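Structure assessment
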Amino acid sequence: MLIMKNRKKVRPDWDEYFIGIAKAVSARATCLRKKYGTVITKDNIIVSTGYNGAPSGMKDCLDVGKCTRKELQIPHGERYELCHSVHAEANAMIRASADELRGSTIYISGIDEGMSECYSEPCMMCKRMILNSKIVRVVYSDGNNGFIVIDPKKWLKKRV
């Protein structure tokens, strides 16, 4: 972060910049509950983006006008098999090569129905995909206009 003594910050650092882009990417999401956006970078260059939405060729929740999990009042983080969307992290990883993913950073940001930033820690399935892809750094929104930075290897201490 570049800070001048007794002056305002001149520009965002890389993490602030890319988490802001992830927030912008979330605007493309087609989920009625929460909209997530992801940016994958390597050497501070964007290699891929993704947002949560139905697979290519399938009608999404915006088109259909309903969310199965919402109708069944399923809490966040449960019963993903009933969801018609592919997660933002998965969509971004699908679009990148193995070489681009190895050693990269993934940024994740979400917006809830009320258009407020939400806590955006990856789900267990996405954590496993991140580990397999050899991404070395994960940055996600903390839900309070900040973010959390983690080494995904820390997830290996628990079974994910």
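Below is a summary of the structure that appears in this document.

Before going further, it helps to examine the overall build of the protein. Within the protein one finds six helices and six strands. The N-to-C order of helical and strand elements in the protein reads α-β-β-α-α-α-α-β-β-α-β-β. Its C-alpha atoms give the protein a radius of gyration of 16 Å, within 12% of the compact-globule value 15 Å for 160 residues. The dimensions of the protein, computed from C-alpha atoms along their principal axes, are 55 × 35 × 30 Å. A sequence separation of at least 24 residues applies to 62% of the contacts in the protein between residues at least 6 apart. Total accessible area on the protein is roughly 9800 Å²; 53% of this is exposed by carbon and sulfur atoms. Each charge class in the protein can be summarised by its mean position, and for the 27 positive and 18 negative side chains these summaries are 3 Å apart.

So, about the side chain of threonine 30. As for its position among the elements, threonine 30 is in the loop between helix H1 (14–26) and strand E1 (34–42). Residue classification places threonine 30 among the buried positions, given a relative accessible area of 11%. When near neighbours in sequence (up to four residues on either side) are disregarded, threonine 30 contacts Asn52, Gly53, Ala54, Asp60, Cys61 and Leu62.

Further remarks concern the side chain of threonine 105. In this fold, threonine 105 is placed in strand E3 (residues 105–112). What makes threonine 105 buried here is its relative accessible area of 10%. With residues up to four places along the chain from it excluded, the contact list for threonine 105 reads Val39, Ile40, Thr41, Ile135, Arg137 and Val139.

Following the criterion strictly, the structure yields five aromatic pairs and no others. Taking 5.7 Å as the distance between ring centres and 90° as the angle between the ring planes, the aromatic pair formed by tyrosine 119 and tyrosine 140 counts as edge-to-face. Pair noted here: tyrosine 119 is in the loop between strand E4 (117–118) and helix H6 (124–133) and tyrosine 140 is in strand E5 (residues 137–141), with a separation of 21 residues, a long-range link. In this structure tyrosine 140 comes out as buried when scored by relative accessible area, which is 5%. The rings of Trp14, Tyr17, Phe18 and Tyr107 are connected pair by pair, giving a single aromatic cluster.

Pairing between side chains becomes possible if they bear opposite charge and their charged atoms approach one another. Counted by the stated rule, this structure contains six salt bridges. When the shortest N-O distance is used, the salt bridge between lysine 70 and glutamate 113 registers 2.5 Å. Here glutamate 113 lies in the loop between E3 and E4 and lysine 70 lies in helix H3 (residues 68–71), a separation of 43 residues in the sequence. A relative accessible area of 40% places lysine 70 in the partly exposed class.

This part covers the environment of glycine 50. Tracing the backbone through its elements, the reader meets glycine 50 in strand E2 (residues 45–51). Put simply, glycine 50 and glycine 37 are 13 residues apart on the chain and 5.9 Å apart in space, counted from C-alpha to C-alpha. Beyond its immediate sequence surroundings of up to four residues, glycine 50 is in contact with Val25, Tyr36, Gly37, Thr38, Ala88, Asn91 and Ala92.

Rules of the game
Residues numbered from 1 in each chain as written. Predicted model: local features only at pLDDT ≥ 70, side-chain atom pairs only at ≥ 80, totals over all residues. Heavy atoms only, no water. Helix = DSSP H or I, 4+ residues; strand = E, 2+ residues; numbered from the N terminus. Rg over C-alpha atoms; globule rule 2.2 N^0.38 Å. Contact = heavy atoms within 4.5 Å. Areas by Shrake-Rupley, 256 points an atom, 1.4 Å probe, with all protein chains shown as cover. Lys, Arg positive; Asp, Glu negative; His and termini not counted. Charge placed at Lys NZ, Arg CZ, Asp CG, Glu CD. Buried < 20%, exposed > 50% of the residue type's maximum accessible area, 1.4 Å probe, protein only. Phe/Tyr/Trp six-rings, centres within 6.5 Å; stacked < 30°, edge-to-face > 60°. Salt bridge = Lys/Arg side-chain N within 4 Å of Asp/Glu carboxyl O.

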